[in-house]
Amino acid sequence: MSVAVCVGCGETKEGAFDPCDGCGLDPARGGTDRMLQARSLLLSERFYSEEALKEFGRKIRMGEPVGYDTGQMSQLVEELKTQKLPVISRASPGCSIVTWSMLGMLVLLAAGLAYLYGTWKH
């Protein structure tokens, strides 16, 4: 996985389209904000070295402007528009099957224990 910088807060993250652990910005959410996605992709190892990315992150954290290459931005926006499938967020929309299964087993265990306690008391 490549290293990228969050365009929202300047924190380092894995992958240009991954949600940021620092501020929660998710460039892939909805798959329609191509400018946000292009900026996110531009601030990745695909275009810059780790040292340059660290400097971009510092600038963003300090509130300094980051100069995006308009030519590259336009090219990336067009490239993203022609993708056959929208970029889909890896952020979990809710509880996973494993979580629901565990919760279901806990409820069944609690019900079983309550039944055993009730029959043992009588």
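What counts as what
- Residues numbered from 1 in each chain as written.
- Predicted model: local features only at pLDDT ≥ 70, side-chain atom pairs only at ≥ 80, totals over all residues.
- Heavy atoms only, no water.
- Core = buried A, V, L, I, M, F, W, Y, C linked by side-chain atoms within 4.5 Å.
- Buried < 20%, exposed > 50% of the residue type's maximum accessible area, 1.4 Å probe, protein only.
- Helix = DSSP H or I, 4+ residues; strand = E, 2+ residues; numbered from the N terminus.
- Contact = heavy atoms within 4.5 Å.
- Axes fitted to C-alpha atoms, helices over the stretch in contact; angles between N-to-C directions.
- Left-handed = near helix turned anticlockwise from the far one by under 90°.
- Nonpolar A, V, L, I, M, F, W, Y, C, P; charged D, E, K, R; others polar.

A.B. asks: Quick rundown of the nonpolar core? Include the residues and the values.
C.D. replies: Counting 9 residues, the largest nonpolar core is built from Ala4, Ala16, Ala38, Leu41, Leu42, Met73, Leu76, Val77 and Leu80. At the level of secondary structure, the elements contributing two or more residues to this core comprise helix H1 (34–42) and helix H3 (70–81). Each residue touching alanine 4, except ones within four places of it in the same chain, is listed here: Glu11, Thr12, Lys13, Gly15, Ala16, Leu43 and Ser44. Core analysis: the next-biggest nonpolar cluster, separate from the first, contains 8 residues, Val5, Leu43, Phe56 and Val66 among them.

A.B. asks: Summarise the packing of H1 against H3; cite the residues concerned and give the values.
C.D. replies: At a closest axis distance of 9 Å, the pairing of H1 and H3 adopts a crossing angle of 115°. For H1 against H3, the interelement crossing comes out right-handed. Mapping the contact onto sequence places Arg34, Met35, Gln37, Ala38, Arg39, Leu41 and Leu42 in H1 and Gln72, Met73, Leu76, Val77, Leu80 and Lys81 in H3. Looking at side-chain class alone, the contact of H1 with H3 contains 8 nonpolar, 2 polar and 3 charged residues.

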